Amino acid sequence: MDRTLRPWPALWALVIGFFMILVDTTIVSVANPAIIDGLDTDIEQVLWVTSAYLLAYAVPLLITGRLGDRFGPKRLYLTGLALFTLASAACGLSTDITMLIAARVAQGLGASMMTPQTMAVITRVFPPNKRGTAMGLWGATAGVASLVGPILGGVLLDSLGWEWIFFINLPVGVIAFVAAVRYVPRLPTHAHRFDIVGVILSALGMFLLVFGIQEGQSYDWGYIWGPISVWSLIIAGIVVLIAFVVWQRFTSTEPLVPLRVFHDRNFSLGNAVITTVGFAVTSMAIPLIFYLQLVLGLSPTESALMMVPMAVISGVLAPFVGRLIDRINPRLVATAGMTCCAVGLTWYAAVLTPGQSIIVLLMPSAMLGLANAAMWGPLATMTTRNLPPALAGAGSGVYNTTRQVGAVLGSASIAMMMQARLAAELPSSGDAPAGTEVGLATALPEFLHEGFSAAMGQAMLLPAALSLVGAVVTLFFAKPKPLIDEWGTAAQAD
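So, here's what we can say about the structure. All values reported here derive from a predicted model rather than from experimental measurement. (Residues numbered from 1 in each chain as written. Predicted model: local features only at pLDDT ≥ 70, side-chain atom pairs only at ≥ 80, totals over all residues. Heavy atoms only, no water.)

## Section: the side chain of Thr115
Then step 1. One can find Thr115 in helix 6 (residues 97-125).
Then step 2. A polar contact is formed between the side chain of Thr115 and the side chain of Tyr57, at a distance of 2.6 Å.
Then step 3. For Thr115, the contacting residues outside a window of four places in its chain are Phe18, Ile21, Tyr57, Leu61, Ser396, Asn400 and Arg403. (Helix = DSSP H or I, 4+ residues; strand = E, 2+ residues; numbered from the N terminus. Polar contact = N/O pair within 3.5 Å; in protein donor to acceptor, adjacent residues only side chain to side chain. Contact = heavy atoms within 4.5 Å.)

## Remarks on the layout of surface pockets
If a probe as big as a water molecule is rolled over the atoms, it shows which places are left empty.
Then step 1. Approximately 320 Å³ is the volume attributed to the second largest pocket.
Then step 2. In terms of lining residues, the second largest pocket is bounded by 16 residues, among which Leu62, Phe244, Phe262, Val398 and Thr402 are the most central.
Then step 3. Put simply, the parts of the chain that give the lining of the second largest pocket at least two residues each are helix 10 (196-215), helix 11 (230-250), helix 12 (265-295) and helix 17 (392-425).
Then step 4. Per-element tally for the lining of the second largest pocket: the top contributor is helix 17, with four residues.
Then step 5. Classifying every residue of the lining of the second largest pocket by side-chain character gives twelve nonpolar, four polar and no charged.
Then step 6. Among the domains, domain 2 (195-253) and domain 3 (260-427 + 444-477) are the pair contributing at least three residues each to the lining of the second largest pocket. (1 Å grid on protein atoms, 1.4 Å probe; cavity = no way out; pocket = protein on both sides within 12 Å on 5 of 7 lines; lining within 4 Å. Points joined across faces, edges and corners; volume = space filled by probe spheres on them. Nonpolar A, V, L, I, M, F, W, Y, C, P; charged D, E, K, R; others polar. Domains from an automatic or database assignment.)

## Describing the packing of helix 1 (residues 7-23) against helix 5 (residues 73-92)
Then step 1. At a minimum axis separation of 11 Å, helix 1 and helix 5 run at an interaxial angle of 40 degrees. Between helix 1 and helix 5, the interaxial angle falls into the category oblique. Remark: the crossing between helix 1 and helix 5 carries left-handed chirality. Between helix 1 and helix 5, the contacting residues are Ala13, Leu14, Gly17, Phe18, Met20 and Ile21 on the first element and Tyr77, Leu81, Phe84 and Thr85 on the second. (Axes fitted to C-alpha atoms, helices over the stretch in contact; angles between N-to-C directions. Parallel < 35°, antiparallel > 145°, perpendicular 65-115°, else oblique. Left-handed = near helix turned anticlockwise from the far one by under 90°.)

## Re the environment of Ala106
Then step 1. Its location among the elements puts Ala106 in helix 6.
Then step 2. Between the C-alpha atoms of Ala106 and Ser88, which are 18 residues apart in sequence, the distance is 8.7 Å.
Then step 3. Aside from chain neighbours lying at most four places away, what touches Ala106 is Leu83 and Ala87.

## Section: the pattern of salt bridges
Then step 1. Counting across every chain of the model gives one salt bridge.
Then step 2. In this structure, Arg421 engages Glu425 in a salt bridge whose closest nitrogen and oxygen atoms are separated by 3.7 Å. Highlighted residues: Arg421 and Glu425, both in helix 17, separated by four residues, approximately one helical turn.
Then step 3. Among the residues examined, Arg421 registers a relative accessible area of 26% and is labelled partly exposed.
Then step 4. Judged by relative accessible area, which is 30%, Glu425 ranks as partly exposed. (Salt bridge = Lys/Arg side-chain N within 4 Å of Asp/Glu carboxyl O. Buried < 20%, exposed > 50% of the residue type's maximum accessible area, 1.4 Å probe, protein only.)

## Describing the packing of aromatic side chains
Then step 1. What the rule picks out here adds up to four aromatic pairs.
Then step 2. Ring centres of Trp164 and Phe167 lie 5.4 Å apart, and the angle between their planes is 75 degrees; this geometry places the pair in the edge-to-face category. Of the two residues, Trp164 and Phe167 both sit in helix 8 (residues 164-167), three residues apart, roughly one turn of that helix.
Then step 3. Measuring from ring centre to ring centre gives 5.3 Å for Phe262 and Phe267, while their planes differ by 65 degrees; the resulting arrangement is edge-to-face.
Then step 4. For Phe262, a relative accessible area of 35% translates into the label partly exposed.
Then step 5. Between the NZ or CZ atom of Arg249 and the centre of the ring of Phe250, over which it lies, the distance is 5.0 Å. (Phe/Tyr/Trp six-rings, centres within 6.5 Å; stacked < 30°, edge-to-face > 60°. Lys NZ or Arg CZ within 6 Å of the ring centre and 35° of its normal.)

Okay, structure coming up:
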């Protein structure tokens, strides 16, 4: 490694774009009603504004991680960033829902090109004894972005209009592009024979699985087109992904995902844990926001601001956590973070009652801030620490894919849980407020507040349980290998 290389400016340059694309996974949620009014569309179509983005983001991640190894992470990151920024402009300029959905697909593709490169660059430009601090910053970005999205969306929506949740990406994208051109090094590429069959199998399998899970609730887990049901798509996706794994094992060409990355115990366990994190972080906000708006009567911006303690505490503590995990076993911090997440979500489940004090509701928010600070960085460090540079892109692609699949699972599962608990807790299905299923209710009769609050609290126990599962899995992480002084191959600065 060239000791004149400045890895920290490179990381900060990448973090700007990474933060932007993660914010866009959640920022649209508060703008759905405004988009319906602005584009004269309906609920079913507007849900595709988010679904199309998540699909286009999740499906290609395995491929784009490997492309970063082949063509260089800097080149692929800049290409994805340019596509994402231009697509953001198209989103804001959309005059109908079809144009907006198409632009969101382009955004998702750009995001899928960018995300694996951030972790790959960290793995390749930071020495092992500094990688924990770098992953701490990466983790803080991921944790804070998931919380900032709804807050920023509410503020922009109330002040400027729904178009600006996309226009805000233009200056940020330009700054991120200039910073990446200047500070991100050109890293040596690794000649790969591209596995075309693997590309087709992985893309098809991921699409069928993610689409089936994500859209299952929209079709009441029944039939989508003629004899094709949601479950047939999910099962077909699993079968195709099994075929993909078999192909990766026996192909004579270079596989898209070298299965030897899973020989590392921590890499395999880390992917299991980050799935539970993606599940919990994505799903917990949905019942909470419903409760805050429909029971407590908070506005979209006010309800989003209830997450400020999470974002602030996570952002402040993450750098300290990063330095800590360079000195102690990161497993200890990851276990503590996952446990705090389970405790915070269970705490929420206990206090979601009609007329609850805002101060009381801010306490579990603060607990989840501790959890976010202690989860993301240590998990990324433990998972990728032992990967050789030649496999950094492939490993990053797998890691981010499992996180996104966890997020999709969380979104679909919490919707099912909420509907089940509402059916059990409300006086009758006919008394449920119109629009509750899709989150567009604006008023809730007071006599339903107690049952609705109970249902939302019980739904919070689902992500709490998954977080506890993740905490248990972290206990089986192997002790990190001793740090070494030399790593990777030389990077050539521009």
